[in-house]
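Chain by chain, the residues:
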Amino acid sequence: MNNRAKEKSQNKNTKDKGILDLDNEIIIGIKSLPKVPKTKKAKSQVTENKKSKTKKSKKDSRDTKKKVANKKNKPKEVMRKNVKNKKRQNDDVELRLGIEDEIYKEQRKKKQVKKKPKLTPKQQEIARKKRMIIFRLMKWTSLVALLVGGSIYFLLSSFFNIHSIVISGNEKMTQETIISLSGIELEQNTFKISKSKVEQAIKTNAYIDSVKIKRKLPDTIEIQVVERKPAYMLTLGNAYVYMNTQGYLLEISQEKLELPIITGILTPEDQIQEGNRLYAEDLQKLSNVIQIMDSANNNDIGKLITKINISNKQDYVLELKSEKKNVHVGDTSNLSTKMLYVKKVLQNEKKKEGDIFVNTDLSTKGAVFREKV
């Protein structure tokens, strides 16, 4: 029994000696402790010791004593080897740490930004002035932004909603028609309306010559229009096409107005639509017709003209239906003299149907009247 107790105490001592004393060890840069390698011999010895313990016979006690003696010597050799390996590992770690520390220092020196040189008092004053200028700019821009934002918010508020629409200058067109064309609605913000778009929308009607939109703050919109007035008519089947002095076709209607009818135009029928205009050649002839009508009105003959044929620009023909006469004016030369001759013939040849020619040489022949037989 004493032998067994001694063996146990010896085994404990050998195991304790195989354990490193970490309290007195200082390990730098090692994340995990090195494991003591176990040799094949140590493993075999442990197994043999376990087997030897199970044997109870006294005969094998001598063998176990020998094994224990051997066991005492071998762990000492293992510990020496472990200590040597540990020293080598520590030396390697220290060497590696030293190299890495030097590399890190070099990299740190490269990354370090060069310190700015100290500024002179003059340079400091210039920098201070620059900072003050930037600060003032920031302050004023922020104030302007606040003012602009506040004013926009106020202008788009309900305070400037439209409560009334005033129309002026209209004769032919009704107020309701103009408001409908404008697209403006009550309780709409007045600053959300595009004046140019409203003007274009109203001018889509052929009777509108020009439009002006005015805002009367805070809640009124005024629309001023200038209308085109019909001065002549064209015939289109059984209907009449109203036309102004600029050649704009204003309206197609069954109602006949007390206006002269223009015949002999070159503009095709498919182009005679509301809002369209006569062809360029017809417009040139129309300008001559206006001169003839102005001269006729000055001599009190304009009211008698019912038709004007413009097919030949060298010989404009006027129809005077109430007088049952046609007047061959010729071109637009000497219109005032021609109208005087026409007026004289009308006075002398009343109630006679025929043609008056003033397209000849008036200095020798004067006006010629040919009665219809």
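Residues numbered from 1 in each chain as written. Predicted model: local features only at pLDDT ≥ 70, side-chain atom pairs only at ≥ 80, totals over all residues. Heavy atoms only, no water.

1. Quick notes on the packing of aromatic side chains
To keep it simple, the criterion reads: Each pair of aromatic rings taken from Phe, Tyr and Trp, with Trp reduced to its six-membered ring, is defined by centres within 6.5 Å and is described as stacked if the planes are under 30 degrees apart, edge-to-face if over 60, and tilted in the remaining cases. The cut-offs for exposure are 20% and 50% of the maximum accessible area for each residue type, with area from a 1.4 Å probe on protein chains only; residues under the lower value are buried, those over the upper are exposed, and the others partly exposed. Criterion for a charge above a ring: Arg CZ or Lys NZ at most 6 Å from the ring centre, at most 35 degrees from the ring normal.
Per the counting criterion, the structure on display carries two aromatic pairs. Measuring from ring centre to ring centre gives 5.1 Å for Phe159 and Phe160, while their planes differ by 90 degrees; the resulting arrangement is edge-to-face. Looking at Phe160, the relative accessible area reads 6%, which means it is buried. Feature note: the residues Phe159, Phe160 and Phe191 constitute an aromatic cluster, connected by ring pairs. Its end group placed over the ring of Tyr248, Arg228 keeps NZ or CZ at 3.9 Å from the ring centre. Its guanidinium or amino end placed over the ring of Phe357, Arg370 lies 4.7 Å from that ring's centre, counting from NZ or CZ.

2. Some points on helix α7 (residues 280–298)
Put simply, the rule reads: Counting from the N terminus, the helices are DSSP H or I runs at least four residues long and the strands are E runs at least two residues long. Under the convention used throughout, the expected extent of a helix is 1.5 Å for every residue step, that is, one less than its residue count.
Across its 19 residues, α7 extends 28 Å between first and last C-alpha, which sits within 8% of the 27 Å expected from 1.5 Å per residue. Inspection of α7 places Asp282, Lys285, Leu286, Asn288, Val289, Ile292, Met293, Ser295 and Ala296 among the buried residues, and these make up the whole buried set. Positive phi shows up at Asp300, right after α7, with a value of about 60 degrees.

3. Digging into the pairing of strand β10 (residues 325–330)
So the rule is basically this: Strands are treated as partners if at least two bridges between them are detected by DSSP. Orient the strands so they point away from the viewer, and a crossover whose first-strand-to-second-strand path over the helix runs clockwise is right-handed.
Burial within β10 is extensive, with five of its six residues counted as buried. Direction of pairing for strand β9 (residues 316–320) relative to β10: antiparallel, over a ladder of five bridges. Within the sheet, the bridge partner assigned to Tyr316 lies in β10 and is Gly330. Hairpin connection between β9 and β10: a loop of four residues separates the two successive antiparallel strands, and Lys324 in this loop has a positive phi of roughly 55 degrees. Of the pairings in the sheet, the one linking β10 to strand β11 (residues 354–357) comprises four bridges and is parallel in character. Counterpart to His328 in the pairing with β11 is Phe357. On the question of chirality, the crossover connecting β10 to the parallel β11 by way of helix α8 (residues 335–348) is left-handed.

4. Structural notes on the pairing of strand β3 (residues 220–227)
The buried fraction of β3 is high, at six of eight residues. Judged from the five bridges that link them, strand β1 (residues 164–168) and β3 form a sheet pairing that is parallel. Looking at the pairing, Ile165 lines up with Ile221 of β3. Relative to β3, strand β2 (residues 208–216) runs antiparallel, the two sharing eight bridges. Looking at β3, one finds that Val211 is bridged to Val225.

5. Brief notes about the confidence of the model for the chain
The criterion, for reference: By definition, pLDDT measures how confident the predictor is in each residue, and it falls between 0 and 100. Contact criterion: two residues are considered in contact whenever any of their non-hydrogen atoms come within 4.5 Å of each other.
Mean pLDDT over the chain works out to 79, with 69% of the residues at or above the 70 mark. Note on residues 12–43: pLDDT is under 50 here. Beyond four places in sequence and across chains, it has 20 contacts.

6. Some words on the packing of α7 against α8
Short version of the rule: To define axes, lines are fitted to C-alpha atoms, for helices over the stretch in contact only, and angles between the resulting N-to-C directions are given on a 0 to 180 degree scale. Note on terminology: angles under 35 degrees are roughly parallel, angles over 145 are roughly antiparallel, angles of 65 to 115 are roughly perpendicular, and the others are oblique. Whether a crossing is left-handed or right-handed is set by the direction in which the near helix is turned from the far one by less than a right angle, anticlockwise for left-handed and clockwise for right-handed. Basically, the charged four are Asp, Glu, Lys and Arg, the nonpolar ten are Ala, Val, Leu, Ile, Met, Phe, Trp, Tyr, Cys and Pro, and anything else, Gly included, counts as polar.
Remark: α7 packs on α8, axes separated minimally by 9 Å, with the N-to-C direction vectors making an angle of 50 degrees. As the angle between them shows, α7 and α8 are arranged oblique. Seen along the crossing, α7 lies across α8 with a hand that is right-handed. The residues of α8 that touch α7, namely those facing Gln291, Ile292, Ser295 and Ala296, are Leu335, Ser336 and Met339. A class-by-class count of the residues in the contact of α7 with α8 yields four nonpolar, three polar and no charged.

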